[in-house]
Amino acid sequence: MEDTSAANIALFRSLADYAHQKKIMLGGYSLFSSRRINDEEDVINPATGKTGGAFFENAPCLGSRWGLAYLEKIKYFITATGFDLFENDGPYPGDVCASVKHPGHEGLEDSQWKQMELQKGLYHWLNEKGVYVNAPDWYFLDGTHKIGLGYRETNFSLPRAEQLLLNRQNIFDGTWEKTPGMSWGFVPLSQYQGGGAAATLEPLKDHLDAYEQLMVQYYGAGIQACYRGPRLYDTDSTRQLVQRMTGWYKKYRHILNADIIHLRRADGRDWDGILHVDATLPQKALVMLYNPTSQAITRELLLPLYYTGLEQTVRIREKEGLAKTYTLDRKYQARVSVTIPAAGYTWLVAE
């Protein structure tokens with residue numbers, strides 16, 4: 001997006017036009033921080049008076065001439081191509097810079113604030129244009145729409161079984177202060193950083209169980225993931241799995257995007273799960289339950305259903321099975337016995 005040449009603009013304009021014909025929204029990723037421009041344009045570390053080692057190691061200053069030009073290039077590219085989405089990486093919650101030569105700030109004391117204001121100005125502009133903004137930090141009241149769920153990138157170099165467990169912990173921990181739709185997660189279809197074959201899903205046809213689990217964990221939490229790899233399916237059986245999981249999400253998307261009540265955090269020793277609730281929907285609650293053990297387990301659960309708005313009874317079904325009527329106790333809880341398959345999952349719908 002920093003290449004504003006006529007040829008580059010024409011290429012991406014044609015791609016955006018083609019995507020729009022298919023009713024697909026097209027966007028792009030732009031890395032701002034975690035790279036080096038030069039001594040004049042990078043942030044100056046106040047401790048050393050040199051580049052490198054400030055908040056985010058090597059990074060350009062958004063208040064430098066290069067940084068100010070970067071903002072204008074992004075605006076030009078988005079306007080000229082008709083892109084619908086902008087994914088931004090940095091300068092996060094504002095970097096610090098001790099330079100007194102950058103036109104966008106006076107010195108160290110105002111550097112972080114001025115860089116945040118510049119970044120918010122870009123997000124305001126994008127939001128006014130109807131562009132969806134995916135950025136890594138909390139700028140929700142300043143034009144952005146989605147941030148990272150919360151994780152370490154090295155998580156995705158772990159073996160698949162550990163990724164599944166840690167992923168549910170990240171979902172559990174990352175949805176206390178934000179609703180599901182405010183977050184994005186991560187699915188490493190191909191190798192990301194490290195871990196080799198044990199950490200990746202490719203070839204997808206050989207790891208359908210882990211692929212299904214990752215999809216259901218994210219869709220079941222109402223969280224959209226970044227699928228990092230060259231393809232979403234490699235065989236017809238993989239394609240059918242993707243269609244089945246996305247079809248399930250679309251069917252229940254309203255309740256799956258509803259607020260979360262946290263039931264039990266994943267620890268690899270017993271069941272874990274979350275509960276979505278919305279009193280305004282036909283499905284008042286949807287419960288996602290997981291079993292990390294190698295044996296099927298049966299548990300009697302007390303489901304907290306106060307926020308469903310139901311007062312005396314509730315009808316609960318497992319998956320698409322027949323619903324049973326349960327009496328709510330005076331804490332508005334339903335006592336439900338459920339069996340979760342080994343190394344698997346199940347889900348309940350309350351109506």
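A brief look at the structure comes next. (Residues numbered from 1 in each chain as written. Predicted model: local features only at pLDDT ≥ 70, side-chain atom pairs only at ≥ 80, totals over all residues. Heavy atoms only, no water.)

1. Details of the overall build of the protein chain
What counts here: Each helix corresponds to a stretch of at least 4 residues labelled H or I by DSSP, and each strand to a stretch of at least 2 residues labelled E; elements are numbered beginning at the N terminus. Partly exposed residues are those whose accessible area sits between 20% and 50% of the maximum for their type, while under 20% is buried and over 50% is exposed, using a 1.4 Å probe and protein chains only. Note on definitions: a residue-residue contact is assigned when non-hydrogen atoms from the two residues lie within 4.5 Å. Areas reported as accessible are Shrake-Rupley estimates using a 1.4 Å probe. Residue values count occlusion only from the protein chains shown. His residues and chain termini do not enter the charge count, which takes Lys and Arg as positive and Asp and Glu as negative. We put the charge of a Lys on NZ, of an Arg on CZ, of an Asp on CG and of a Glu on CD.
Looking only at helices and strands, the protein chain features seven helices and 14 strands. Projected onto its principal axes, the C-alpha coordinates of the protein chain cover approximately 70 × 45 × 40 Å. Looking at the protein chain as a whole, 48% of its 351 residues are labelled buried. For the protein chain, contacts bridging at least 24 residues in sequence account for 67% of all contacts bridging at least 6. Working note: accessible area of the protein chain is about 17100 Å², and carbon and sulfur atoms make up 52% of it. Averaging the coordinates of the 38 positive side-chain charges in the protein chain and doing the same for the 41 negative ones gives two points 6 Å apart.

2. Focus: the packing of aromatic side chains
The criterion, for reference: Pairing of aromatic side chains here covers Phe, Tyr and the six-membered ring of Trp, requires ring centres within 6.5 Å, and sorts the geometry by plane angle: under 30 degrees stacked, over 60 edge-to-face, intermediate tilted.
Here the structure, examined in full by the defined rule, presents 18 aromatic pairs. For the ring pair Phe-12 and Phe-83, a centre distance of 6.1 Å and an interplane angle of 80 degrees mean the geometry is edge-to-face. With Phe-12 in helix H1 (residues 6-21) and Phe-83 in the loop between helix H2 (65-81) and strand S2 (85-89), the pair connects residues that are 71 residues apart, well separated along the chain. Among the residues examined, Phe-12 registers a relative accessible area of 26% and is labelled partly exposed.

3. Some remarks on helix H4 (residues 160-174)
To keep it simple, the criterion reads: Multiplying one less than the number of residues by 1.5 Å gives the expected span of a helix.
With 15 residues, H4 extends 20 Å from end C-alpha to end C-alpha; this agrees with the ideal 21 Å at 1.5 Å per step. Regarding H4, the residues found buried are Gln-163, Leu-164, Asn-167, Arg-168, Gln-169, Asn-170, Ile-171, Phe-172 and Gly-174. Buried residues in H4 make contact with strand S5 (183-188), helix H5 (208-221), strand S7 (259-264), strand S8 (272-277) and strand S9 (285-290).

4. So, H2
Formally: Each C-beta atom gives one direction from the helix axis, and the arc is the one those directions make.
The terminal C-alpha atoms of H2 lie 24 Å apart, and with 17 residues this matches the ideal 24 Å at 1.5 Å per residue to within 8%. Along H2, the residues classified as buried are Trp-66, Gly-67, Tyr-70, Leu-71, Ile-74, Phe-77, Ile-78 and Thr-81. The arc enclosing the buried residues of H2, seen along the axis, measures out at 150 degrees, which places them on a common side. Seen from the open side of H2, the exposed residues pointing more than 90 degrees away from its buried face are Arg-65 and Thr-79. Along its buried surface, H2 packs onto H1, strand S1 (27-31), S2 and helix H3 (108-128). Looking at the residues trailing H2, positive phi occurs at Gly-82, about 80 degrees.

5. Describing the sheet that holds S5
Note the following rule: Two strands qualify as a pair provided DSSP detects at least 2 bridges between them. Each axis is a line fitted through C-alpha atoms, taken for helices only over the stretch in contact, and angles between the N-to-C directions span 0 to 180 degrees.
Judged by pairing direction, the sheet is parallel, and its three strands sit side by side in the order S4-S5-S6 without closing on themselves. The open sheet is flanked by strand S4 (147-148) and strand S6 (224-228), the only strands paired with a single partner. As paired elements, S4 and S5 share two bridges and run parallel to each other. Pairing of Ile-147 across the sheet is with Ser-183, part of S5. Contacting S5 and S6, H5 runs over the sheet at an angle of about 150 degrees to S6.

6. Comments concerning unusual backbone geometry
Here the residue pair Gly-90 and Pro-91 is connected by a cis peptide bond, since its omega of 0 degrees sits within 30 degrees of zero. Among the secondary structure elements, Pro-91 is positioned in the loop between S2 and H3. Cis geometry marks the peptide bond from Glu-202 to Pro-203, where omega comes out at -10 degrees. Relative to the helices and strands, Pro-203 resides in the loop between S5 and H5. In this model, Ser-34 sits at a positive phi of 60 degrees, which is unusual for a non-glycine residue.

7. Here we look at the nonpolar core
Note the cut-off: Nine residue types can take part in a nonpolar core, namely buried Ala, Val, Leu, Ile, Met, Phe, Trp, Tyr and Cys, and a core is a set of them joined through side-chain atoms within 4.5 Å.
The biggest cluster of nonpolar side chains holds 40 residues, and the ones touching the most others in it are Trp-248 and Met-288. Secondary structure elements with two or more residues in this core: H4, S5, H5, helix H6 (236-251), helix H7 (253-256), S9 and strand S14 (345-350). Once residues lying within four places of it in the same chain are set aside, the contact partners of Trp-248 are Val-216, Tyr-219, Gly-220, Leu-256, Met-288 and Trp-347. Of all hydrophobic cores here, the second largest spans 22 residues; its members include Ile-261, Leu-275, Leu-303 and Leu-328.

8. Looking at the sheet that holds S2
If you walk across this open sheet you meet the three strands as S1-S2-S3, and the pairing is parallel. Looking along the sheet, the strands with just one partner apiece sit at the ends: S1 and strand S3 (132-134). Each strand axis lies, on average, 20 degrees off the axis of its neighbour in the sheet, ignoring direction. Here S1 pairs with S2 via five bridges, running parallel. Across the sheet, residue Ser-30 finds its bridge partner in S2, namely Asn-88. Where H2 meets the sheet, it contacts S1 and S2, and its direction lies at approximately 160 degrees from that of S2.

9. Some remarks on the pattern of salt bridges
Rules: What counts as a salt bridge is simple: a side-chain nitrogen of Lys or Arg found within 4 Å of a carboxyl oxygen of Asp or Glu.
Tallied over the entire structure, the rule returns 20 salt bridges. Put simply, Arg-36 and Asp-39 hold a salt bridge, and the shortest N to O gap is 2.3 Å. Of the residues examined, Arg-36 reaches a relative accessible area of 42% and is grouped as partly exposed. One salt bridge connects Asp-206 with Lys-205, and the closest N-O pair in it is separated by 3.3 Å. Judged by its relative accessible area of 43%, Lys-205 falls in the partly exposed class.

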